[in-house]
Amino acid sequence: MEDENRKARRVQRREYLDNVRELVAFVKKRDKRMVKFQAEEAARRAEQQAAEVARRAAEREERLRRAAEYQEPEWVGAAAASDSEASDAEEEEEEQQQQHYCIV
């Protein structure tokens, strides 16, 4: 019997809360303040979205501009040149050693 009462109370409570939610939704739809607030909120969201798109486009343009203006530092080019010169010198030494090597 207690279980039946508990179930009945639970069902009644759920129905009551659903009725209250429906009433609140109905009142919100009819309330001019809510309509005005929703319109302002939609306009604000659209404005923020447009600002975000503009910001992203500006950041992308800035990255592209920096990439186009990028110049490799001199020390990077010098290091690559010295590496190739060093490897050339090593190859020449190996060739000379191979030329003078004799198998008896």
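Figured I'd write up the structure that's included with this text.

## Notes on the overall build of the chain
Line of reasoning, step 1. Within the chain, the secondary structure is distributed over three helices and zero strands.
Line of reasoning, step 2. Listed N to C, the secondary structure of the chain is α-α-α in terms of helices and strands.
Line of reasoning, step 3. About 10,500 Å² of surface is accessible on the chain, with carbon and sulfur atoms providing 52% of the total.

## Some words on the pattern of salt bridges
Line of reasoning, step 1. Overall, the coordinates contain ten salt bridges when judged by the stated rule.
Line of reasoning, step 2. The partner of Glu52 in a salt bridge is Arg56, and the shortest N-O contact between them spans 3.2 Å. Taken together, the positions of Glu52 and Arg56, both in helix H2 (residues 32–69) and four residues apart, correspond to about one turn of that helix.
Line of reasoning, step 3. Arg56 sits in the exposed class, given a relative accessible area of 55%.
Line of reasoning, step 4. Where Glu62 meets Arg65, a salt bridge forms, and the shortest distance between an N and an O atom there is 2.4 Å.

## Some words on a negative patch on the surface
Line of reasoning, step 1. A cluster of acidic residues, Glu90, Glu91, Glu92, Glu93, Glu94 and Glu95, forms a negative patch at the surface.
Line of reasoning, step 2. Tracing the chain through its elements places Glu95 in helix H3 (residues 74–100).

## Re a nonpolar patch on the surface
Line of reasoning, step 1. Taken together, the side chains of Tyr16, Leu17, Val20 and Val24 present a nonpolar region at the surface, about 350 Å² in accessible area.
Line of reasoning, step 2. Tracing the chain through its elements places Leu17 in helix H1 (residues 2–30).

## Observations regarding a positive patch on the surface
Line of reasoning, step 1. On the surface, Lys7, Arg9, Arg10, Arg13 and Arg14 cluster together to form a positively charged patch.
Line of reasoning, step 2. One can find Lys7 in helix H1.

Reading the values: rules and limits
Think of each chain on its own: its residues are numbered from 1, step by step along the sequence as written. Restriction of local features to residues with pLDDT of at least 70 applies here, the model being predicted, together with a cutoff of 80 or more for giving and counting side-chain atom pairs; totals for whole chains, interfaces and linings are based on all residues. Hydrogens and water molecules were not included; the side-chain quantities draw on all heavy atoms of the structure. Elements are defined by DSSP. Helices are runs of H or I of four residues or more, strands are runs of E of two residues or more, and each kind is numbered from the N terminus. Methods summary: accessible areas were calculated by the Shrake-Rupley approach with a probe of 1.4 Å, and residue burial reflects only the protein chains presented. Take a side-chain nitrogen of Lys or Arg and a carboxyl oxygen of Asp or Glu: if they are within 4 Å of each other, that pair is a salt bridge. For each residue, the accessible area found with a 1.4 Å probe, counting protein chains only, is set against the maximum for its type, and the residue is called buried under 20%, exposed over 50%, and partly exposed in between. Any residue with relative accessible area above 30% and no salt bridge may belong to a patch, with like charges joined within 9 Å and the nonpolar Val, Leu, Ile, Met, Phe, Trp and Tyr side chains within 5 Å. Positive residues here are Lys and Arg, negative ones are Asp and Glu, while His and the chain termini are left out of the count. Charge coordinates come from a single atom per side chain, which is NZ of Lys, CZ of Arg, CG of Asp or CD of Glu.

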